[in-house]
Amino acid sequence: MAKSIELRSQFPVLSQSVNGHPLAFLDSAATTQKPLCVIEAMSDFYKTHYSSVKRGAYALSAKTSQKFEEARSKIAKFIDAPSESNIVFTKGTTESINLVAWSYGLANLEPEDEILISVLEHHANIVPWQIAGKERGAKIKVIPCDDNGDLQIPELSALIHEKTKIVALTHTANSIGTITPLQEIIPIIRKLAPKAKILIDAAQGAPHSKISVKDLDCDFLVFSGHKIYGPTGVGILYGKSEVLENMPPWQGGGEMIEQVRFEGTTFAPPPARFEAGTPPVAEVLGLSAAIDWVNEIGIDNISACEEQITAYALAKLQKIEGLQIIGSPKNRGAIISFIIGKIHPHDVAMILDEEGVAVRAGHHCAQPVMERFGVPATLRASFAAYTADWEIDNLCRGLERAARIFLY
Ligand SMILES: *Cc1c(COP(=O)(O)O)cnc(C)c1O
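I will try to describe carefully the structure that is included in this document.

Rules and cut-offs
- Residues numbered from 1 in each chain as written.
- Predicted model: local features only at pLDDT ≥ 70, side-chain atom pairs only at ≥ 80, totals over all residues.
- Heavy atoms only, no water.
- Helix = DSSP H or I, 4+ residues; strand = E, 2+ residues; numbered from the N terminus.
- Buried < 20%, exposed > 50% of the residue type's maximum accessible area, 1.4 Å probe, protein only.
- Contact = heavy atoms within 4.5 Å.
- Areas by Shrake-Rupley, 256 points an atom, 1.4 Å probe, with all protein chains shown as cover.
- Lys, Arg positive; Asp, Glu negative; His and termini not counted.
- Charge placed at Lys NZ, Arg CZ, Asp CG, Glu CD.
- Axes fitted to C-alpha atoms, helices over the stretch in contact; angles between N-to-C directions.
- Parallel < 35°, antiparallel > 145°, perpendicular 65-115°, else oblique.
- Left-handed = near helix turned anticlockwise from the far one by under 90°.
- Phe/Tyr/Trp six-rings, centres within 6.5 Å; stacked < 30°, edge-to-face > 60°.
- Lys NZ or Arg CZ within 6 Å of the ring centre and 35° of its normal.

1. Focus: the overall build of the protein chain
- When helices and strands are counted, the protein chain shows 14 helices and 17 strands.
- If you line up the protein chain on its principal axes, its C-alpha atoms span 75 × 55 × 35 Å.
- Taken over 408 residues, the protein chain has a buried fraction of 56%.
- Counted over contacts in the protein chain with a minimum sequence separation of 6, partners at least 24 positions apart contribute 71%.
- Carbon and sulfur atoms form 53% of the exposed surface of the protein chain, whose accessible area is close to 17100 Å².
- For the protein chain, the distance from the average position of its 39 positive side-chain charges to the average position of its 47 negative side-chain charges is 1 Å.

Next up, the structure:
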C-alpha cells in the first residue's frame, strides 16, 4: 500500500503524534482530512482575490465569480450530471435534504401520501421527512434490513405503490457500511411508483466510488464537501432539470430573484432560485480544489485502495477475541462497525486515543440501525485514500489492550 503512504504527506494533520504515538485517523466517515492543495486554494482566495461573487464588475469579483462557476461545472462533470445548472450549492448533505423536503416535499405531498426511506438512513435522511410528512399528513414507510445489514429487496413490492411520492435512500450506510444496491432498487421504484421522486444520500458514496446520476437515474443526489477532502460549510444538491424547474424556492433573499416588487416577486431559474444570499465562496473554491485532487488520484484508484485496506482491517479485526463486527453486507464501503463483549464503546475509544488511534464511538446518527442490531452504540473505523496498514495495526493493538483491561 505504498500509494496511500505517499498520499499521506499531502495531509498536514496526519503528520502529527498524539499521546506519544503517530496519529492513526480512522474516522474519515465523520469527516476527511484536507490535502494541502485544498487549504492553499482557500488561503489563496483570502489572500489574493477575496471578493463576493456575481455582484461586482471589478477584476477581483470577476475572477472569483469565474472560479466559483468553474467549480459548479467541475462538480456536474464529477457526478455525470448533464449541466452545471443541475448543481445547487448548499451547506451540506443535511441542508440539501432539508431543501428538497421543504421545497419539493411541502409543495407536492398530500394527506395519505407516503415517503419511503430505509432502516439504514442517517438521521439527516429521516428527520426532515418526518417533519415535512407531518406537516402534510404524509406517512413514512421503512425498508427493513436482514441480519447482514442488507436491505430486504423482496419487501419493496409491498412498500411501494402509487401513493409513494418520495423515496430517499442512502448510497452507503454510514453506520455499518452497507452499500445499497441502487442499480437494482431504482428500476423497481420506477416501475411500481412512476410518479415518485428518488433522492440518493451519497454523503458516503461520492467520496469513495464513481457516481453517475445519469446511470442511476435518480431525481436528486446529495453529498457534503467535508467528507470528500473539502471544507465544512459546503454541500451539493444535484437535481434533474425538469424537477428543479418546478420546485418553489425554500429561502428568500438576494440572488434568487428575477425581479422584486412589493406587489410580488419573480424567481430566478435553478440553481440560483435555491441559493439565496451570499454563498460560501471560500468553501466552494476549497471543494473545487478537493475535486481536482480526487480527479488527479482517480476515484477508481481511491476505491481500489480503500477496498484493500477494508479487507485488511476486516481480516485483522476478526482475529480479535470477543470482537463482534456489526453487519456483514454483500457490498461494504470503507466502514466497519464493531463492539467488544459488553465493554462500552466510549471506554474502548478512550483507550484507543491513548494509543493515538481516532475512531468514532456512539450511534453514528443512525439510532434505528443500532436498535435493529440490538446495540446502544458501536465503535466505527472508517477509511479514506490516505489510510495506511500501520493504522489498522495500531487499532488492533489498542483493541487487544482494551480487551485485556476490561474483559479479564
Ligand atoms: C454525514 C452524513 C450525513 C450528514 O452530512 P452533514 O455533512 O452532517 O450534513 C448524511 N448522511 C450520511 C450517510 C452521512 O454520512
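Moving on from the coordinates now.
2. Quick look at unusual backbone geometry
- The peptide bond linking Pro270 to Pro271 adopts the cis configuration, its omega dihedral lying at 5°.
- With respect to the helices and strands, the residue Pro271 is situated in the loop between strand E12 (264-267) and helix H10 (281-297).
- Its identity as a non-glycine residue notwithstanding, Glu112 has a phi of 75°, on the positive side.
- Looking at the secondary structure, you find Glu112 in the loop between helix H4 (93-108) and strand E5 (114-118).
- Classification of Glu112 by relative accessible area gives partly exposed; the value is 46%.
- Positive phi outside glycine occurs at His364, with the angle close to 60°.
- Within the secondary structure, His364 sits in the loop between strand E16 (360-362) and helix H13 (367-372).
- Look at His364 and you get buried, because its relative accessible area is 4%.

3. Some remarks on the packing of H4 against helix H5 (residues 127-136)
- Running from N to C, H4 and H5 point in directions that differ by 15°, and their axes come no closer than 9 Å. Classed by the angle they form, the pair H4 and H5 counts as roughly parallel. As for the relative orientation of H4 and H5, their crossing is right-handed in sense. Every residue of H5 that contacts H4 at Ile97, Asn98, Val100, Ala101, Trp102 and Leu106 is listed here: Pro128, Trp129, Ile131, Ala132, Glu135 and Arg136.

4. Section: the packing of aromatic side chains
- For the structure shown, the criterion picks out ten aromatic pairs.
- With centroids separated by 4.8 Å and ring planes inclined at 65°, the aromatic side chains of Phe11 and Tyr386 adopt a geometry described as edge-to-face. Here Phe11, found in the loop between helix H1 (2-8) and strand E1 (17-18), pairs with Tyr386, found in the loop between strand E17 (378-382) and helix H14 (389-407); they are 375 residues apart in sequence, far enough to count as distant.
- Phe11 sits in the buried class, given a relative accessible area of 1%.
- Exposure remark for Tyr386: the relative accessible area of 0% places this residue in the buried category.
- One aromatic cluster is present, built from ring pairs that chain together Phe11, Tyr229, Trp293 and Tyr386.
- The ring of Phe78 has Lys210 sitting right over it, with the charged end atom 5.9 Å from the ring centre.

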